[in-house]
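Structure assessment
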Amino acid sequence: MKRSIKKTTIKKTAAKKNANTMWGGRFVTGPDALMARINASIDFDKRLYAQDIAASIAHARMLGKQRIIAAKDVTAIVNGLQKILQQIETGAFEFKTELEDIHLNVEKRLTDMIGPAGGRLHTGRSRNDQVATDFRLWVRDCIDATDRALQALQEALIAKAEAHAATVMPGFTHLQSAQPVTFGHHMLAYVEMIGRDRGRFMDARARVNESPLGAAALAGTSFPIDREATAKALGFARPLANSMDAVSARDFALEFLAACAICATHLSRLAEELVIWSSPQFAFVKLSDGFTTGSSIMPQKRNPDAAELIRAKTGRIAGALVGLLTVMKGLPLAYSKDMQEDKEPVFDAADSLSLSIHAMTGMMSSLKVNEARLRDAASAGFSTATDLADWLVREANLPFRDAHHVTGGLVKLAESKKCELADLSLKELQAADKRITKSVYGVLSVDKSVASRTSLGGTAPTRVRAAAKAARKTFLKG
């Protein structure tokens, strides 16, 4: 009988040892192996280490200032955390899956290093407000890095716009030749898009920049903490006003992903144009060797793989947004473990977008423009037809709809003769409308066409140069 009792005691003791030492006081046995796998997040959330340590240092110093823990414990905690940061950055830190996440890994190492004082760090907080704080800090840092990368891309685009302010190319609608524009004008369209992307990220940053720290699990804490102090120490504008919202809100991550998805869509549109323009059938531009690949079987190929991959990553980034929206759509307040699924889509989207932005900057900086081919293409497809219609309105006093009809007939005539509008004789033009004079030929050239588009936001080279100068001042200041 005694032997049986002894064996049972040994089994229970062993089982208790298998429970998580950071939270396992209520549990007799440790988690099943599958539970451990599905529950652990350290494989991906370890990239929050710098933010986790910064938030813990701020929390510890506040606890000391509020006399919640002793000054000597604060010193030991801060020094220990700084050593752990150094260990992680030098690769000397061993992350353990059984400790689930970055928070428990850091806290366990701290306790091993400095003893019981390490256990005092978690006073007045929960992993719920801890992870929300770390995540907000990470997203905020990522937004700042993304903004710098987008500014560099704008700089590359503006430089191309300045160099090609007067380089004529076809402007398209429905991918059909529409009106002549300049290559510089086309580049500045993307500068404006990216400017709005930067604005969206900065708007998102303002809402990210509120501190959850001190909200604890969901209800706040009975300790006399100073949330204003920790918010200030971490560079937040203010603490979040409601403790339940603080730990359960992930709209900041959704807004970040939405900005990523829109930005990626803009990059994808430019990538699509680079794929088309660099094809032999268009030959508008030449991508550098650094951003193209060859074929394993066709030696003549120059494949625009970087542009194609940017285009493809847009689906991945948009998918991250839809995925997290789906995770969050049915969650009651406050925290649920479902929210562990918030980080991987954000990390993946951020990585994909960063790579896409830098690759696009490299492509645009090294891009060669085929000015002669662009001019030939701009002259084809009756691209100055609108200029002819405008001339009829301005010089012959025709209502625009009548001018449109007359011009359409002349386009049909030129098409039948397999020539351009400028190649039609004055007699042929006057047969369509006797008020046409030889001065009409002044608007039928692509150069005169683009030069005439002097309205605000227009494609005239003078406007493009002024717009590029304004874009430098607006987007590249500082």
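Note that the structure is predicted; figures quoted are calculated from it, not measured.

A few words on helix 4 (residues 49-65). Taking 1.5 Å per residue as the helical rise, helix 4 with its 17 residues ought to reach 24 Å, and the 24 Å between its terminal C-alpha atoms agrees with that figure. Burial in helix 4 covers these residues: Gln51, Asp52, Ile53, Ala55, Ser56, Ile57, Ala58, His59, Ala60, Met62 and Leu63.

All right, on to the pairing of strand 2 (residues 176-182) then. With 6 bridges joining them, strand 1 (residues 168-173) and strand 2 adopt antiparallel strand pairing. Residue pairing in the sheet places Pro170 in a bridge with Pro180 of strand 2. Connecting the antiparallel pair strand 1 and strand 2 is a turn made up of 2 residues, with His174 showing a positive phi of about 60 degrees.

In a regular helix each residue adds 1.5 Å, so 12 residues correspond to 16 Å; helix 15 (residues 385-396) covers 16 Å between its end C-alpha atoms and thus fits that length. All buried positions along helix 15 are accounted for by Ala385, Asp387, Leu388, Ala389, Trp391, Leu392 and Ala396. Tucked inside the fold, the buried residues of helix 15 contact helix 16 (400-417) and helix 18 (446-452). Two residues or fewer after helix 15 comes Asn397, characterised by a positive phi angle close to 60 degrees.

Counting across every chain of the model gives 8 aromatic pairs. Ring centres 5.5 Å apart and planes at 75 degrees place the aromatic pair Phe135 and Phe252 in the edge-to-face group. Here Phe135 is found in helix 7 (residues 127-163), whereas its partner Phe252 is found in helix 11 (residues 251-277), with 117 residues between them in sequence. Accessibility classification places Phe135 together with Phe252 in one group, the buried group. Ring centres of Phe282 and Phe284 lie 5.2 Å apart, and the angle between their planes is 80 degrees; on these two criteria the pair is classed as edge-to-face. Residue class for Phe282 comes out partly exposed when judged on its relative accessible area of 23%.

How each quantity is defined
Residues numbered from 1 in each chain as written. Predicted model: local features only at pLDDT ≥ 70, side-chain atom pairs only at ≥ 80, totals over all residues. Heavy atoms only, no water. Helix = DSSP H or I, 4+ residues; strand = E, 2+ residues; numbered from the N terminus. Expected span 1.5 Å × (residues − 1). Buried < 20%, exposed > 50% of the residue type's maximum accessible area, 1.4 Å probe, protein only. Pairing = 2+ DSSP bridges. Contact = heavy atoms within 4.5 Å. Phe/Tyr/Trp six-rings, centres within 6.5 Å; stacked < 30°, edge-to-face > 60°.

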